[in-house]
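# Chains, contacts and geometry: an overview
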Amino acid sequence: METQTLEQSFLTYFNAKPEIIVRAPGRVNLIGEHTDYNDGFVLPMAIDHAVWMALSPRADLQVRIRSLDLEVDSAFDLNSLAKGEGWLEYIKGVAFQLQKAGYELRGFDAVMTGDVPRGAGLSSSAAVELATARAFAAVSGFAWDAAQMAIISQKAENEWVGVNCGIMDQMASAASKAGYALFLDCRTLEVQHAPLPENISVVILDTSTRRGLVDSAYNERRSQCEEAARWFGVKALRDVSVDDLKKGESGLSEVVMKRARHIVTENARVLEAVQVMKAGNVKRLGELFNASHASLRDDFEVTNEALNQIVECAQEQSSCFGARMTGAGFGGCAVALVQEENAQEFANAVSAAYKQRSGLDASVYVCKASEGASIVKG
Ligand code: GLA
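Residues numbered from 1 in each chain as written. Predicted model: local features only at pLDDT ≥ 70, side-chain atom pairs only at ≥ 80, totals over all residues. Heavy atoms only, no water.

## Remarks on the site of the ligand
The line we're drawing: By convention in this text, a residue qualifies as near a molecule or strand provided that one of its non-hydrogen atoms is within 4 Å of it. In protein, a polar contact means a hydrogen-donor-capable atom and an acceptor-capable atom, both N or O and within 3.5 Å, with residues adjacent in sequence counting only if both atoms are side-chain atoms; elsewhere, any N or O pair within 3.5 Å suffices. Basically, the charged four are Asp, Glu, Lys and Arg, the nonpolar ten are Ala, Val, Leu, Ile, Met, Phe, Trp, Tyr, Cys and Pro, and anything else, Gly included, counts as polar.
Neighbouring residues of the ligand: Arg27, Glu33, His34, Asp36, Tyr37, Cys165, Gly166, Met168, Asp169, Tyr218, Gly327 and Ala328. Note that an oxygen atom of the ligand is positioned 2.7 Å from one of the backbone N or O atoms of His34. Taking Asp169, its side chain carries an N or O atom lying 2.6 Å from an oxygen atom of the ligand. Grouping the amino acids of the shell around the ligand by side-chain chemistry returns five nonpolar, three polar and four charged.

Here you go:
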């Protein structure tokens, strides 16, 4: 993103230069899927696709925002927040939750743009939320606390927008470090920055399929996981070990047992992934990716045909160490670990094979691990 273009747009709309530029990234999850709302472990990374805002503080409580991508102007008053519909709700929701948590906010004028594909499972909404939190922190003069801002943004999404997500996306956008994946304990919110293996590219493969009913399927998985945790007598499935898992067979329905098995084995895979990443064992890391996909397909049942096809196309390439669906599932993207020097060739080969198998066009992004929400200028 050229900050000059953003500054120029601000000048056009507000007849002045912006004082501040903030940026917050989308994310791809490397491994640890559906574990966040089970108090478990995840390993996402912030990507080099982000939401940007150029802004200047106002003396009053008005927030005026021009979305350059949607070509719409919007405004609201921090004293009288009311729910509506559309992209502005993420911003109002964050403002509401910040005020509820006791932060004193100032208004601002802003232009906003982004290149996180929307609806693809790369957390464009978390990027908007964290860019908003970053903007309010900058104009209102309060210190940036990544975990606190992630929690507030998640509450905005849960309570204002009405999407029952976990904490992973907001933490990835808030707390990631360039060049590193974010190893996160979703119970304590403790983070470790895990260096990515050398000479490896993280490649995102967008199936171009989207499913409307993700929310209801997501909520159903959540309640099945809660049911299993209750049966095991624990707070969350995070507290069940791989060894104890078998006990569930005597009391859980087959389907709930499968859900529990995915979560418990996935948590173990994340812990191993962090270890093998540190040791530079990319081969094993790839195997864990493949095992995660099989578990999401067979036990958690959140893949669709397109995801299975694109993952198979990826796994068949000799430059690929492993591939899996990423995000909530039911459509959206897969992620693959690929030998860096072959990344472009891999992208072309998978696109062609996927087109042949599914008839669909994939979008492919060779990604870099980027910095979490930050002030770019000002
Ligand atoms: C969505 C949610 C996250 C997480 C993933 C699945 O991205 O927003 O909180 O639950 O699905 O891992």
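More follows now that the structure is in view.
## A short note on the environment of Pro44
For clarity, the cut-off: Labels follow the DSSP assignment, with helices taken as runs of H or I lasting at least four residues and strands as runs of E lasting at least two, numbered in each case from the N terminus. Here, two residues are considered to be in contact whenever any of their heavy atoms come within 4.5 Å of each other.
Summarising the element assignment, Pro44 is placed in strand β2 (residues 41-57). The sequence separation of Pro44 and Ser140 amounts to 96 residues, and the corresponding C-alpha distance is 30 Å. Excluding residues that lie within four positions of it along the chain, Pro44 makes contacts with Arg27, Val28, Asn29, Leu30, Met168, Ala172, Ala181 and Leu182.

## So, a negative patch on the surface
Note the cut-off: Residues forming no salt bridge and having over 30% relative accessible area are the ones grouped into patches, like charges within 9 Å of each other and nonpolar side chains (Val, Leu, Ile, Met, Phe, Trp, Tyr) within 5 Å. Per-residue and other accessible areas were derived by the Shrake-Rupley procedure at a 1.4 Å probe size, with only the shown protein chains allowed to occlude residues. One side-chain nitrogen of Lys or Arg within 4 Å of one carboxyl oxygen of Asp or Glu is enough to make a salt bridge. Charged residues are defined here as Lys and Arg on the positive side and Asp and Glu on the negative side; His and the ends of the chain fall outside this count. To locate a charge, the coordinates of NZ of Lys, CZ of Arg, CG of Asp or CD of Glu are taken. Partly exposed residues are those whose accessible area sits between 20% and 50% of the maximum for their type, while under 20% is buried and over 50% is exposed, using a 1.4 Å probe and protein chains only.
There is a patch of like negative charges on the surface, built from Asp48, Asp69, Glu71 and Asp115. Tracing the backbone shows Asp115 in the loop between β5 (108-114) and α3 (124-140). The exposure class assigned to Asp115 is partly exposed, which follows from its relative accessible area of 38%.

## Quick look at the pairing of strand β4 (residues 72-77)
Moving residue by residue along a regular strand, the side chains alternate between the two faces of the sheet. The cut-off we apply is this: Note: two strands are recorded as paired if DSSP finds a minimum of 2 bridges between them.
Note that strand β3 (residues 62-67) and β4 share six bridges and pair antiparallel. Paired with Arg66 across the two strands is Asp73, which belongs to β4. Where β3 hands over to β4, the hairpin turn is made up of four residues, of which Glu71 adopts a positive phi near 55°.

## Some words on helix α4 (residues 146-161)
Spelled out, the test is: Every helix has an expected span of 1.5 Å times one less than the residues it contains.
Over its 16 residues, α4 extends 21 Å from the first C-alpha to the last, a length consistent with the 22 Å expected when each residue adds 1.5 Å. Taken residue by residue, α4 has Ala146, Met149, Ala150, Ile152, Ser153, Gln154, Ala156, Glu157 and Trp160 as its buried positions. Residue Asp145 occupies the N-cap position of α4, its side-chain oxygen lying 3.3 Å from the main-chain nitrogen of Ala147. Positive backbone phi, at 90°, marks Gly162, one or two positions downstream of α4.

## Thoughts on the pattern of salt bridges
All chains considered together, the criterion is met by 29 salt bridges. The shortest N-O distance in the salt bridge between Asp109 and Arg58 comes to 3.1 Å. In this pair, Asp109 sits in strand β5 while Arg58 sits in the loop between β2 and β3, placing the two residues 51 residues apart along the sequence. In this pair, the class of Asp109 matches that of Arg58, namely buried.

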